[in-house]
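Observations on the model geometry
Listed here are the chains, written in short residue letters.
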Amino acid sequence: MLALKLTDNKDFMNKFLRSDIFDHFLLQEGSIVTASTYVIDGRITENFYSSEEMEELGISGYAFLPFSMQRSHLFDLIKGKRTPASFQFVLMLSPENLAKTLQSIHSPFTESDISSVCLNIRFQNGMLTLTTGISYRIFSPDKSLDHEWDRLVRQFLLKHDIAYEEL
């Protein structure tokens with residue numbers, strides 16, 4: 001697990017909520033605390049979309065909605081003159097991106113071994129943090145995937161000029 005302090009809150013939030021940088025992730029869950037608390041369950045509501053709509057949207061087989069489909073709603077909840085008291089979002093790799101990631105790093109794990117590969121973004125007490133995490137369906141002492149995911153996240157942040165410090 002990697003724990004990072006994001007050092008330029010305004011720049012990160014602009015990239016997070018006003019650009020497509022994180023759009024290839026799925027939104028697993030989130031919460032935003034302002035005058036009231038908003039709790040977001042990123043699960044796709046059964047029967048909300050027809051199978052044809054799910055195909056058109058490119059979300060067939062997904063349990064969670066892409067971040068791209070939620071980003072503008074989240075922005076609307078966060079924007080304003082007052083900074084939220086806190087928020088937290090859990091983003092995860094889509095099934096396709098999980099498969100690509102496992103293949104690109106030549107991991108011994110398969111998609112069926114992994115529940116989720118996540119980014120946890122949290123704002124609390126004026127500090128914005130990002131932590132990585134992997135939820136396994138199996139027990140394994142092998143932490144090679146954890147180390148590779150941490151490396152890929154650092155690479156992703158550098159590619160997008162997102163400033164951070166390791167905690």
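Residues numbered from 1 in each chain as written. Predicted model: local features only at pLDDT ≥ 70, side-chain atom pairs only at ≥ 80, totals over all residues. Heavy atoms only, no water.

1. Digging into the confidence of the model for the protein
For the protein, per-residue confidence averages 95 on the pLDDT scale, and 100% of positions sit at 70 or higher. Ranking the elements of the protein by mean pLDDT puts helix α4 (residues 95-104) last with 93 and strand β1 (residues 3-6) first with 98. (pLDDT = per-residue confidence, 0-100. Helix = DSSP H or I, 4+ residues; strand = E, 2+ residues; numbered from the N terminus.)

2. Details of unusual backbone geometry
Of note, the phi angle at H106 is positive, near 55 degrees, even though the residue is not glycine. By the element assignment, H106 lies in the loop between α4 and β5 (114-124). Residue H106 is classed as exposed on the basis of its relative accessible area of 70%. In this structure, N125 is a non-glycine residue whose phi angle is positive, near 55 degrees. Tracing the backbone shows N125 in the loop between β5 and β6 (127-136). The exposure class assigned to N125 is exposed, which follows from its relative accessible area of 77%. (Buried < 20%, exposed > 50% of the residue type's maximum accessible area, 1.4 Å probe, protein only.)

3. With respect to helix α3 (residues 71-78)
Owing to its 3.6 residues per turn, the α-helix brings residues three or four apart onto one side. Along α3, the residues classified as buried are R71, L74 and I78. Projected onto a plane normal to the axis of α3, the buried residues spread over an arc of 65 degrees and lie on a single side. Lining the buried residues of α3 we find α1 (9-18), β2 (25-33), β3 (37-41) and β4 (86-93). Two residues or fewer past α3, G80 is found with a positive phi of approximately 140 degrees. (Arc of directions from axis to C-beta. Contact = heavy atoms within 4.5 Å.)

4. Regarding the sheet that holds β5
Spatial ordering of the open sheet is given by β3-β2-β4-β5-β6-β1-β7, a layout of seven strands whose pairing is antiparallel. Sheet topology places β3 and β7 (164-166) at the edges, where each strand pairs with a single neighbour. The sheet shows a mean angle of 20 degrees between the axes of neighbouring strands, direction not considered. The sheet contact formed by β1 and β6 spans four bridges and is antiparallel. If you follow K5 over to β6, its bridge partner there is T129. (Pairing = 2+ DSSP bridges. Axes fitted to C-alpha atoms, helices over the stretch in contact; angles between N-to-C directions.)

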